[in-house]
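Residue strings, one per chain:
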Amino acid sequence: MKTTRNTTAKTTILEIIKNSEVALSHTEIQALSQNVCDRVTIYRVLDRLVAEDVIHKTVNLDGTIKYASCHHLHDDVVHTHNHIHFSCEKCHLVTCLENVEPTFKLPPNYSVREVNFTLSGLCPNCL
């Protein structure tokens, strides 16, 4: 069993993500981290946090990967990040819509491991 390391960089990046109401890109996290670490270390920490199921990532409509804090209860049975993300076309913020459950039907012989639903339009602030 591998133990998780808590470095200054990891703690700082996790706090930035947890304190944000919207999903953040690597560039936004780097700007907010105040040079705690270099960009490569940020990528490594983000990958580690995703693997540990502490945060999740989504791909924005323009192809930018954004990271958000995981608000689901962690249990040993099933843990997924299958919820809808909303991408505002005006302010470009991405928010998690935790209480909206996506539904879909697949043909037989398909096995889903991850779902990435992104809706686009105008957020309440930009309407």
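Residue positions within a chain follow its written sequence, with the count starting from 1. In keeping with the predicted nature of the model, local features appear solely for residues at pLDDT of at least 70, side-chain atom pairs appear and are counted solely at 80 or more, and the whole-chain, interface and lining totals rest on all residues. Hydrogens and waters are ignored; side-chain quantities use all the structure's heavy atoms.

1. Description of unusual backbone geometry
Next up, step 1: For glutamine 34, which is not glycine, the phi torsion reads 50° and is therefore positive.
Next up, step 2: Tracing the backbone through its elements, the reader meets glutamine 34 in the loop between helix H2 (26–32) and helix H3 (39–51).
Next up, step 3: For asparagine 35, which is not glycine, the phi torsion reads 60° and is therefore positive. Under the DSSP-based scheme used, a helix requires at least four consecutive residues in state H or I and a strand at least two consecutive residues in state E, with every element numbered from the N terminus.

2. Concerning the packing of aromatic side chains
Next up, step 1: Pairing of aromatic rings covers Phe, Tyr and the six-membered ring of Trp, with a centre-to-centre limit of 6.5 Å; geometry is then stacked below 30 degrees between planes, edge-to-face above 60, and tilted otherwise. Applying the stated rule across the entire model yields one aromatic pair.
Next up, step 2: Taking 6.1 Å as the distance between ring centres and 40° as the angle between the ring planes, the aromatic pair formed by phenylalanine 104 and phenylalanine 117 counts as tilted. Taken as a pair, phenylalanine 104 in the loop between strand E5 (94–97) and strand E6 (117–121) and phenylalanine 117 in strand E6 lie far apart in primary sequence, 13 residues in all.
Next up, step 3: The class of phenylalanine 117 is partly exposed, set by a relative accessible area of 25%. Throughout, exposure labels follow a simple rule: accessible area from a 1.4 Å probe, protein chains only, divided by the maximum for the residue type, with under 20% read as buried, over 50% as exposed, and the rest as partly exposed.

3. Considering the confidence of the model for the protein chain
Next up, step 1: The quantity called pLDDT is the predictor's confidence in a given residue, expressed from 0 to 100. Looking at the protein chain as a whole, the pLDDT averages 85, with 87% of positions reaching at least 70.
Next up, step 2: The element-level mean pLDDT for the protein chain is lowest in E5, coming to 86, with H2 highest at 96.

4. Things to note about helix H1 (residues 8–18)
Next up, step 1: Of all the residues in H1, the buried ones are Ala9, Lys10, Ile13, Leu14, Ile16 and Ile17. Down the axis, H1 shows its buried residues gathered within 160° of arc, on one side only.
Next up, step 2: Residue contacts are counted whenever heavy atoms from the two residues lie within 4.5 Å of one another. For H1, the elements touching its buried residues are strand E1 (24–25), H2, H3, strand E2 (55–59) and strand E3 (65–69). Within this analysis, the arc is defined by the directions that extend from the helix axis to the C-beta atoms.

5. Notes on the pairing of E5
Next up, step 1: Of the pairings in the sheet, the one linking strand E4 (residues 84–88) to E5 comprises four bridges and is antiparallel in character. Directly across from phenylalanine 86, in E5, lies its bridge partner threonine 95.
Next up, step 2: In sequence, E4 turns back onto E5 through a hairpin of five residues, with histidine 92 there showing a positive phi of about 65°. In this description, strands pair whenever DSSP reports at least two bridges between them.

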